[in-house]
Structure formats: structure tokens, C-alpha cells
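Okay, here's what each chain looks like letter by letter:
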Amino acid sequence: MGGCFSKPKPVELKIEVVLPEKERGKEELSASGKGSPRAYQGNGTARHFHAEERLTAPHPYPGPQDCVEAAVCHVKDLENGQMREVELGWGKVLLVKDNGEFHALGHKCPHYGAPLVKGVLSRGRVRCPWHGACFNISTGDLEDFPGLDSLHKFQVKIEKEKVYVRASKQALQLQRRTKVMAKCISTSAGHSSSTNVLIVGAGAAGLVCAETLRQEGFSDRIVLCTLDRHLPYDRPKLSKSLDAQPEQLALRPKEFFRAYGIEVLTEAQVVTVDVRNKKVVFKDGFKLEYSKLLLAPGSSPKTLSCKGKEVENVFTIRTPEDANRVVRLARGRNAVVVGAGFLGMEVAAYLTEKAHSVSVVELEETPFRRFLGERVGRALMKMFENNRVKFYMQTEVSELRAQEGKLKEVVLKSSKVVRADVCVVGIGAVPATGFLRQSSVNLDSRGFIPVNKMMQTNVPGVFAAGDAVTFPLAWRNNRKVNIPHWQMAHAQGRVAAQNMLAQEAEISTVPYLWTAMFGKSLRYAGYGEGFDDVIIQGDLEELKFVAFYTKGDEVIAVASMNYDPIVSKVAEVLASGRAIRKREVELFVLHSKTGDMSWLTGKGS
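Residues numbered from 1 in each chain as written. Predicted model: local features only at pLDDT ≥ 70, side-chain atom pairs only at ≥ 80, totals over all residues. Heavy atoms only, no water.

**What to know about unusual backbone geometry**
Here the residue pair Phe145 and Pro146 is connected by a cis peptide bond, since its omega of 15° sits within 30 degrees of zero. One can find Pro146 in the loop between strand E9 (142-144) and strand E10 (153-159). Following Asp564, the chain continues to Pro565 via a peptide bond in cis, the omega torsion being 0°. The topology assignment puts Pro565 in the loop between strand E36 (554-561) and helix H10 (566-575). (Helix = DSSP H or I, 4+ residues; strand = E, 2+ residues; numbered from the N terminus.)

**Comments concerning the side chain of Arg578**
Within the element layout of this structure, Arg578 appears in the loop between H10 and helix H11 (582-591). Classification of Arg578 as buried rests on a relative accessible area of 11%. (Buried < 20%, exposed > 50% of the residue type's maximum accessible area, 1.4 Å probe, protein only.)

**Here we look at the environment of Ala330**
Its location among the elements puts Ala330 in helix H6 (residues 320-330). Expressed as a C-alpha distance, the spacing of Ala330 and Thr352, which sit 22 residues apart in the sequence, is 9.6 Å. When sequence neighbours within four positions are dropped, the list of residues in contact with Ala330 reads Ala335, Leu351, Lys354, Ala355, His356 and Val422. (Contact = heavy atoms within 4.5 Å.)

**Description of the pattern of salt bridges**
Taken as a whole and assessed by the stated rule, the structure comprises 36 salt bridges. Here Glu572 ties to Arg125 by a salt bridge, and the two come within 3.2 Å at their closest N and O atoms. Note that Glu572 is positioned in helix H10 and Arg125 in strand E7 (residues 125-127), a separation of 447 residues in sequence. Each of the two residues, Glu572 as well as Arg125, counts as buried. For Glu346, the salt bridge is made with Lys240, and the minimal N-O distance between the two is 3.3 Å. Within this pair, whereas Glu346 is found in helix H7 (residues 342-351), its partner Lys240 is found in helix H3 (residues 236-240), the two being separated by 106 residues in sequence. Classification of Glu346 as buried rests on a relative accessible area of 4%. Among the ionic contacts, a cluster of salt bridges with common partners joins Arg123, Arg125, Arg127, Glu143 and Glu572. (Salt bridge = Lys/Arg side-chain N within 4 Å of Asp/Glu carboxyl O.)

**A look at H11**
An α-helical turn contains 3.6 residues, so a residue and the one three or four places further along point in the same direction. Burial in H11 covers these residues: Lys582, Glu584, Val585, Phe588 and Val589. Down the axis of H11, the smallest arc covering the buried residues is 160°, so these residues share one side. Turned more than 90 degrees away from the buried face of H11 sit Leu590 and His591, all of them exposed. (Arc of directions from axis to C-beta.)

**Concerning the packing of aromatic side chains**
Counted by the stated rule, this structure contains 12 aromatic pairs. Considering the side-chain rings of Phe384 and Phe391, the 6.2 Å spacing of their centres and the 70° angle between planes classify their relative orientation as edge-to-face. Assessed through its relative accessible area of 0%, Phe384 is described here as buried. Between Tyr524 and Tyr549, the aromatic rings sit 6.2 Å apart at their centres with planes inclined by 45°, giving tilted as the arrangement. With Tyr524 in strand E33 (residues 520-526) and Tyr549 in strand E35 (residues 544-551), this residue pair connects regions lying 25 residues apart in the sequence. On the accessibility criterion, Tyr549 (0% relative accessible area) is buried. (Phe/Tyr/Trp six-rings, centres within 6.5 Å; stacked < 30°, edge-to-face > 60°.)

**Things to note about the sheet that holds strand E25 (residues 417-419)**
If you walk across this open sheet you meet the three strands as E23-E24-E25, and the pairing is antiparallel. Both outer strands of the open sheet, strand E23 (397-403) and E25, are each paired with one neighbouring strand and no more. Adjacent strand axes in the sheet meet at a mean angle of 30°, parallel and antiparallel pairs treated alike. (Pairing = 2+ DSSP bridges. Axes fitted to C-alpha atoms, helices over the stretch in contact; angles between N-to-C directions.)

**Remarks on the packing of helix H2 (residues 204-215) against helix H9 (residues 486-500)**
At a minimum axis separation of 7 Å, H2 and H9 run at an interaxial angle of 40°. Looking at the two axes, H2 sits oblique to H9. In this structure, the crossing between H2 and H9 has a hand that is right-handed. Facing H2, whose interface residues are Ala204, Ala205, Val208, Cys209, Thr212, Leu213 and Gln215, H9 presents Trp486, Ala489, His490, Gly493, Arg494, Ala497, Gln498 and Met500. By residue class, the composition of the contact of H2 with H9 is nine nonpolar, five polar and one charged. (Parallel < 35°, antiparallel > 145°, perpendicular 65-115°, else oblique. Left-handed = near helix turned anticlockwise from the far one by under 90°. Nonpolar A, V, L, I, M, F, W, Y, C, P; charged D, E, K, R; others polar.)

**Some points on the pairing of strand E24 (residues 406-412)**
One ladder, built from six bridges, connects E23 with E24; its direction is antiparallel. Looking at E24, one finds that Arg401 is bridged to Glu409. With antiparallel pairing between neighbouring strands as the criterion, E23 and E24 make up a hairpin whose turn holds two residues, including Glu404 at a positive phi of roughly 55°. Note: E24 against E25, three bridges, orientation antiparallel.

**Digging into the pairing of E33**
Taking burial as the measure, the seven residues of E33 include five buried ones, the bulk of the element. Where strand E32 (residues 512-517) hands over to E33, the hairpin turn is made up of two residues, of which Phe518 adopts a positive phi near 55°.

**Concerning H10**
Most of H10 is tucked away: nine of the 10 residues are buried. Turning to H10, its buried residues number three or more, namely Ile566, Val567, Ser568, Lys569, Val570, Ala571, Glu572, Val573 and Leu574.

**Considering the sheet that holds strand E4 (residues 92-98)**
Taken in spatial order, the six strands line up as E2-E11-E10-E5-E4-E3 in an open sheet, and their pairing is antiparallel. The open sheet has two edge strands with one neighbour each: strand E2 (67-74) and strand E3 (82-87). The mean inter-strand angle of the sheet, taken between neighbouring strand axes irrespective of direction, is 30°. As paired strands, E3 and E4 are joined by six bridges and run antiparallel to one another. Its bridge partner being in E4, Glu87 is matched across the sheet by Lys92.

**Observations concerning the nonpolar core**
Generally speaking, a soluble globular protein has its nonpolar side chains buried in company with each other. By size, the foremost hydrophobic cluster in this structure holds 107 residues, and its most contacted members are Leu295 and Phe548. Excluding residues that lie within four positions of it along the chain, Leu295 makes contacts with Val200, Phe435, Leu436, Val441, Ile449, Val462, Phe463, Ala464 and Ala465. Counting residues in hydrophobic clusters, the runner-up holds 50 residues, among them Ala323, Ala330, Leu372 and Met381. (Core = buried A, V, L, I, M, F, W, Y, C linked by side-chain atoms within 4.5 Å.)

Take a look at the structure:
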């Protein structure tokens, strides 16, 4: 059934709380103190939830009428290590056979709906083929990111050599399970100037930290503050889908924050952190004391410093409003993108169907060169050129020219003049840690916050996570790295929360990221900085390939297009602690015209 949970707290089990119509107008309650930031308050004294408001929560023990049971296969239909999607009438289920035992789980990854049957089964978990999230096959619990929710786990029984699965109809249709969470029972919630946990930054790291605390039974006050106007949202989607509205991007509905007493202060800028007195001061003078602090401020986009940088219609993409304005201005007009990294190329790809012309300006000779290497970069560049994108490589912007204050032309150092009605700047980012300069939290020379494997800073009780940190990467000999990617921020937020609760967790996840352009996805796992060779299997021209990045004798990263689930397979091998040798890959490329990957799952290297 859909209610097989490890912690039996019958009333607490819920997917999300939907407030009755009469309550919906009361979404934004004012925060405490004069001129303090806007707050979506928790349910302390300010707001109590009553039984009738919980009608949408699935009952933990569904009655017979809510359940469906069916024989789905013969016990011999599946070998050990095999997965199959089976139909239960009300929806599909992922059936897994592992070590002679059958498990039945939700069949879609809750992150973006990938079919898990195409993923990788290894070490008691299934890894998503698209973005690498991992789920425990015994519990359905999310064990590695991205995404926030777990899978439903269904009952399996074997009778007369047949495998039967029993599931609640509601769970089959929901395809996701939010873990059981504690409520906030603090009487000071919403109206006092002290909090138990303060989280600065409401991206993936901040949100996952707050949710993990609640999942682990923490019931004291949690305040999450953000510079944004919005509740936490799916930022990677901004550059891939510039038309998306804030409500489509939201990671959790407003009701969720209320139900679990996670207070969010929007448009709230922290200006100073006083770690000695455990206090932060906001731009408007509002002060908040804390017991535990998570710093997850993310990064700020770099801007152009050339002549005319103040002209109108030049953007960095940081918020849904930025993205929406760019699309509006680009429609039928000329768009210029500065920077051929992930953000720039995703924006350029999205604008090709909207704009009259799209041009990309880049200092390197090929896009993604440092990240993906010359050959893969060239193949991607060709895909863009086939979609009418014009490249100006090995040059930069020397001037932005305006007509009546609005952008008209972009002048390049090569003295070429490009027509432009809108310009998007994607030339990298710097950690948004300026507010910490006067504090005693250590920053390195580039402004990053160094942390240990437990995400602790040099100050006891102060943790940091996300794009603004450097941390020791376990499987690259604890090299201190900065990995400004969505999945890593989730993982770090979780580890920080666990250590706030003294659980002694360490960060050990294998980095995993993706990009999508012209309906095609590129997946990447590992940490390829400093690669000295690239071994390619498949066809670059056809964009059906896998590229292994090596340093010396070791594979340090992998990228693929139309070659699933190889990136998830490699991520799983690296996560298991096994090194992949360059010679294994060379043999694979030499002998494998079939794309056979069984060598990867071998135990010895």
C-alpha cells in the first residue's frame, strides 16, 4: 500500500496541504517588527491547522476500497538485478528483483518524471537515468538528489509462483511521496526576534536543509530568508524555459511552508552576521538571533564592465522576471548572448524560435571548451549553427551602443558591430558573500566559504552550502572544490541539516548535472577539472555519444547525449568507490560497437 512508512505517525502523513477556499486569501501574513521583510508564516501561534483542513492527505492505512491488487508476473519472469514496469489498472508500478526479493515502487522519478525502469539498479537503490536522483528500493526513500520527494513503496506478496502487488489508488496516481515531517511547535514562531535555525538563502541548499530538519523530527522554529520576491523555485529551469511563470517554477506550494512551520522572509537582505552574539541584521534594520545558522547565499552574476554598460535591455538572468522580460523583448528582434557557457547556450537555444536573430559572443574558440573539451564543444556548436545561431568567437564586447537609451548595437573588440535589441550576459558568477567580509566566518581569496565534509565553517554552529562554498570532494582525494550545480546544493543542504542535529554525516555525492538545448539533453557526472584526454564512443555528428574525461590513468568525468543510462551508470560506479581506469574505457571503445556496458558493473577494476 502507499502508506508503508518507516516512522508510524498516522496523523502526520501528508503529501501537501491544500487550504479550503475561504483560507486562500490569507496567504501573506505580516511579519514581526516594523518594516521587517514580508513573511510567509509558519503555523506557530500565528496560525493553527485544524483537522478539516487535512482532508487531502492520503490516509496512512487505506481501506480495501482505496486499494488495488493484481498478479503482475510469474516469479521466474524477472532475473536478479532486473526491473520492469507493470500495470495495476490505476497506474504503473516499478517492479524490481534484487537478491531474490521483489520490491514494488513508484515508476517515475518525482523530479522531472523520468521512467526509472530505464535507470540503473545497484547497491539496493535505483538511480534515475536523466538527472541521477537515487531511491532506496526497500523504502522508496530519496537517497541522492536532485528533487525533493521520495517514491511510494507498495506491498508485494508471492502466491503459487505469482507475484502480486497491492497499492493505494491515490498513491498510484500521485507518483511521489513527501516524507513524514514534524510540525513547528515553537510558541515564538512568526513574531519574535529569535529563531532556532536561520537559513540565509532559499535555493536548493536552503530548502533541503529546512525540509531535512523537519523530516528528522526537529520541531523548533526555522526561518528561511531570501533576496527573491518568490518562495523557493527551480532556478535551472529559468534559462531553459524563459517563459516560465513563478508559480510554474515553485518547488513547493505556499501551503507546504505553512503546514510545516517553515517561515520564509522574502526580499530580505542580510547585511551583517555577528557570530559572537549569534545575530544577523537585515538591510531594513530588522535583527534576528539564531542558535544554528546555514549560509547558502548562492552567487551573483558577473556583469559587463565595458563602455555603455548602463544602457537599457541588457540582462543577467537571475529571476523569473528577468527571463520573462528577455523573451518579451527578443520576440521578432535581434538578441545577443555574451558567454557560451551553460546559461548562455541554453538562453540562445531557447530564443532561436522567438527572435529574428540570435548571436553568441565568446572569448574561447569553442563553446563549453573548458568543461567538455574541443571535440564535444564543436559538435554542439554545429547543432547551434544548424539552428541559425551566429557565433563570434575569440572576442569580447568593447561597447554597448544605445538609441534613445535602449540597446541598439553590440561592438566587439574585433571591431565587428552586431545589431542587438536585447543582450543577455552569461559570463559566470561570483559568490554572494560580501555581507560576510566583516564577520569572523572565513572566506578564501575568491570569496568562497571553505567548509569541511560536514559542511561546517570555521565558526561552531555556522554551516554553509551551495554555490558559495568550497568543500572536500571525497572521490577526488578530498580536493577542495567549488561545484555550483543544483544537485550538489541539495546534497550539501541535507548534510548541513544532519550535522545541525549532530548526526555526523559527510558529503560523499558524485556531482551530476545536465543541460537541455533544442530538445536534446546532455548529461554529465564527475568532476572533470584538469582532464588531459577525452575518449569518445559513438557518433559526435549525430549527437549520439559518450565522452570519458581522463586524467592520467583515471576516468574523472563522463558526458553523454542520447546514450542513457551510461552517465548514471558511471555515477553509480564512482559512488561505490571503484575507480574506472582509462584502459577499461579504451577497450570498451575498441571492442564495443554494440554499446555494451557490462564491463562497468564488474566488481574489480
